[in-house]
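Each chain is listed here by its residues.
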Amino acid sequence: MAPQPGTPVDLRLYIAGESAGARRARENLSRMSKLLPETARVEIVDVLLEPERAEAAGILATPTLSNDGFDPPRRIVGDLADVDRVLHFFGIVPREPD
Amino acid sequence: MTHTEDDGLAAVLERVQTGVEAFDELVMGGLPRGRATVVGGTPGSGKTVFATQFLANGIAQFNESGVFVTFEESPKEIEANMAGFGWDIARWVREKRLAFVDASPRADDEIVIGEFDLAALLVRILHAAETVRAKRVVLDSLAQLFDHFIAEPKILRRELFRISSALKRSGLTVLMTAERNSEYGEITATGWRSSSPTMWSCCATCSSERSAGARSRF
């Protein structure tokens, strides 16, 4: 079921160091950031540096993109290869380019 | 004296007593130290109890701390279930002799898009092991982990191999539980039925032996 548009966008990307997958996920996220609402928050968490945050959030796989604007959070595991699907899953209506 | 992984000298590996006497006798004194061993059993055969015994006896009898990685029940549930055996799990957690890695299912809505690994899980296990200076690690059960990523059994096999290698490098003695659907059949579990022999041999290699008779009925 598609989520309600207008749910807050509070993204946390969990990665493990500088692996190829981490790099691809960061690139895809940065491509996507132009399309996010202006109020969106984006944070990158390196689990190698902050393992206790992976534990607290219950992250198993990397990369994982968590939208904590939902309760419970909505999560996408993987390198976010398909930006349209990511946006759709989070109910984000892409912003018009300036 | 030196020996390599594959020279068939499994008998000289130091053994880690599980503290379950009948079992330790069966497997030459216990599980091989610094290796990963898989214990398979049918549903309800007591795999989780056996795995918990391995950790609990380690703490209570041999002064070896442990990490419990749970893919099924939550730490709270395990604590409640095990209170009947007289194990005060909460106290061990407070005393930093036992740590949980809670990988039990969550309510989160989750999908997979693209490639991934289980580095976060590995990092959590290593972090927990470091926190309590663990010697023993339990992963219970692999079936639930495979269920969680049911569409990606290949990635799971690769990642599980990576995890057991990394734990081995850290000198940890690892016990993993797996499901089998009949007492003497091939080791199987929902989600990796077709690929289970590979799984089994991967983990058997890690333990240098097949832990003959290492079923969880005891």
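As a reminder, the structure under discussion sits directly above these lines.
Predicted model, so just to flag it, every value in this text is computed and none were measured.

Visitor: Would you mind showing me how to read the overall build of chain A here?
Guide: When its secondary structure is counted, chain A shows three helices and four strands. In sequence order, the secondary structure elements of chain A are arranged as β-α-β-α-β-β-α. For chain A, the C-alpha radius of gyration of 13 Å lies close to 13 Å, the compact-globule estimate for 98 residues. Across its three principal axes, chain A shows a C-alpha extent of roughly 35 × 25 × 20 Å. Put simply, chain A has 98 residues, and 51% of those count as buried. Taking contacts inside chain A between residues at least 6 apart in sequence as the whole, the part at least 24 apart equals 69%. Element-wise, carbon and sulfur atoms account for 53% of the exposed surface of chain A, whose accessible area totals about 5000 Å². Here chain A contributes 12 positively and 16 negatively charged side chains, and the mean placements of these two sets differ by 3 Å.

Visitor: Hey, could you run me through the overall build of chain B in this one?
Guide: Secondary structure assignment for chain B yields eight helices and eight strands. Put simply, chain B has 218 residues, and 54% of those count as buried. Long-range pairs, those at least 24 residues apart, make up 76% of the contacts in chain B with a sequence separation of at least 6. As displayed, chain B has an accessible area near 9700 Å², and 51% of this comes from carbon and sulfur atoms.

Visitor: Where do I start with the pattern of salt bridges in this structure?
Guide: Any two side chains of opposite charge can pair, so long as their charged atoms come close to each other. Residues and elements named next belong to chain A. Enumeration according to the criterion identifies 24 salt bridges over all chains in this entry. Between Arg24 and Asp79 there is a salt bridge whose closest N-O contact spans 2.9 Å. With a gap of 55 residues between them, Arg24 in helix 1 (residues 20-33) and Asp79 in the loop between strand 4 (74-77) and helix 3 (83-89) connect regions that are remote in the sequence. Across the salt bridge formed by Glu50 and Arg53, the nearest N and O atoms sit 3.5 Å from each other. Classification of Glu50 by relative accessible area gives partly exposed; the value is 28%. When its relative accessible area of 25% is taken as the criterion, Arg53 is described as partly exposed. Because the salt bridges share partners, they merge into one network encompassing Asp10, Arg12, Arg41, Glu43, Glu50, Arg53 and Asp68.

Visitor: Any chance you could explain the interface of chain A and chain B here in plain terms?
Guide: Bring the parts together and some accessible area is lost; that lost area is often taken as the interface size. Contacts between the two partners involve 30 residues from chain A and, on the opposite side, 26 residues from chain B. Together, the buried faces of chain A and chain B total about 2300 Å²; carbon and sulfur atoms form 59% of this surface. Contact with chain B buries area across many residues of chain A, yet Glu55(A), Leu60(A) and Val77(A) alone supply 31% of it, more than any other trio. Our enumeration of links across chain A and chain B arrives at three salt bridges. Where chain A meets chain B, there are 15 residue pairs in polar contact (both at pLDDT 80 or more).

Visitor: I keep staring at the sheet that holds strand 4 (residues 66-70) of chain B and nothing clicks. Help me out?
Guide: Across a sheet, strands are paired by hydrogen bonds formed along the backbone, either parallel or antiparallel in direction. Residues and elements named next belong to chain B. One open sheet holds the five strands; their spatial order is 3-8-7-4-5, and the pairing between them is parallel. Looking at the sheet topology across the chains shown, the edges are occupied by strand 3 (36-41) and strand 5 (98-102). On average, adjacent strands in this sheet sit at an angle of 20° to one another, irrespective of strand direction. In the sheet, strand 4 pairs with strand 5 via five bridges, with the strands oriented parallel.

Visitor: Honestly, the environment of Gly29(B) in this entry has me stumped. Any pointers?
Guide: Residues and elements named next belong to chain B. By the element assignment, Gly29 lies in the loop between helix 1 (21-26) and strand 2 (31-32). Through-space distance from the C-alpha of Gly29 to that of Phe50 is 16 Å; in sequence the pair is 21 residues apart. The residues contacting Gly29, other than those within four sequence positions of it, are Arg15, Val16, Gln17 and Asp24.

Rules of the game
- Residues numbered from 1 in each chain as written.
- Chains lettered and ligands numbered in written order.
- Predicted model: local features only at pLDDT ≥ 70, side-chain atom pairs only at ≥ 80, totals over all residues.
- Heavy atoms only, no water.
- Helix = DSSP H or I, 4+ residues; strand = E, 2+ residues; numbered from the N terminus.
- Rg over C-alpha atoms; globule rule 2.2 N^0.38 Å.
- Buried < 20%, exposed > 50% of the residue type's maximum accessible area, 1.4 Å probe, protein only.
- Contact = heavy atoms within 4.5 Å.
- Areas by Shrake-Rupley, 256 points an atom, 1.4 Å probe, with all protein chains shown as cover.
- Lys, Arg positive; Asp, Glu negative; His and termini not counted.
- Charge placed at Lys NZ, Arg CZ, Asp CG, Glu CD.
- Salt bridge = Lys/Arg side-chain N within 4 Å of Asp/Glu carboxyl O.
- Buried area = accessible area lost by both parts, 1.4 Å probe.
- Polar contact = N/O pair within 3.5 Å; in protein donor to acceptor, adjacent residues only side chain to side chain.
- Pairing = 2+ DSSP bridges.
- Axes fitted to C-alpha atoms, helices over the stretch in contact; angles between N-to-C directions.

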